[in-house]
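# Remarks on the overall topology
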Amino acid sequence: MITIKLRVNRKKAFTAMAMPFAVKIDGAKKGTVKNGESLEIEIPNHNCVLQIDMVGNSMTLHKIRKEVVLFPEHCTSGIIECEVDTSYNWLGGLTFGLLQATGRIELNINYNAK
């Protein structure tokens, strides 16, 4: 099976800094990435779903999670780079997570990484 590399870079951030994020491809956990660290994994060379979950989410009403579909056919270098950025959600924080999640995950996908 032909595979390509997926490099997940998590930016340093104050929000959720103590919690690792689980990296899943099509629902299968491939690893975790901590604050300011990177993870490199092999993914299939066809469309797949990338899911980033905050580990320890099970006790909260609203999960800190993000999903995107990856399209490897757009990758020209053999490496897809995903930058994970977290930010604080004020409404979620003010309501202690009852109305919304206390944080947000943003994903930046680069199909032409080097």
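Shown above is the structure to which this text applies.
For the structure given in this document, a descriptive report is provided here. (Residues numbered from 1 in each chain as written. Predicted model: local features only at pLDDT ≥ 70, side-chain atom pairs only at ≥ 80, totals over all residues. Heavy atoms only, no water.)

### Some points on the overall build of the protein
Regarding its fold elements, the protein presents 1 helix and 8 strands. Start at the N end of the protein and walk to the C end: the helices and strands fall as β-β-β-β-β-β-β-α-β. Here the C-alpha radius of gyration of the protein, 15 Å, is about what a compact globule of 114 residues would show, namely 13 Å. Contacts in the protein between residues far apart in sequence, at least 24 positions, make up 64% of those at least 6 positions apart. As displayed, the protein offers around 6700 Å² of accessible surface, 56% of which is attributable to carbon and sulfur atoms. In the protein, the 14 positive side-chain charges and the 11 negative ones have mean positions that sit 5 Å from each other. (Helix = DSSP H or I, 4+ residues; strand = E, 2+ residues; numbered from the N terminus. Rg over C-alpha atoms; globule rule 2.2 N^0.38 Å. Contact = heavy atoms within 4.5 Å. Areas by Shrake-Rupley, 256 points an atom, 1.4 Å probe, with all protein chains shown as cover. Lys, Arg positive; Asp, Glu negative; His and termini not counted. Charge placed at Lys NZ, Arg CZ, Asp CG, Glu CD.)

### Some words on the environment of Thr102
Note on placement: Thr102 falls in the loop between helix H1 (90-94) and strand S8 (103-110). Exposure remark for Thr102: the relative accessible area of 31% places this residue in the partly exposed category. C-alpha separation for the pair Thr102 and Ile25, spaced 77 residues apart in sequence, amounts to 24 Å. When neighbours within four sequence positions are excluded, Thr102 is seen to be in contact with Ile64, Ser87, Tyr88, Asn89, Gly92, Gly93, Phe96 and Gly97. (Buried < 20%, exposed > 50% of the residue type's maximum accessible area, 1.4 Å probe, protein only.)

### Here's the deal with the side chain of Asn35
Within the secondary structure, Asn35 is located in the loop between strand S3 (28-33) and strand S4 (38-44). Of note is the side chain of Asn35, whose polar atom sits 3.0 Å from the backbone nitrogen of Ala13. With sequence-adjacent residues up to four places away left out, Asn35 is seen in contact with Arg10, Lys11, Lys12, Ala13 and Met17. (Polar contact = N/O pair within 3.5 Å; in protein donor to acceptor, adjacent residues only side chain to side chain.)

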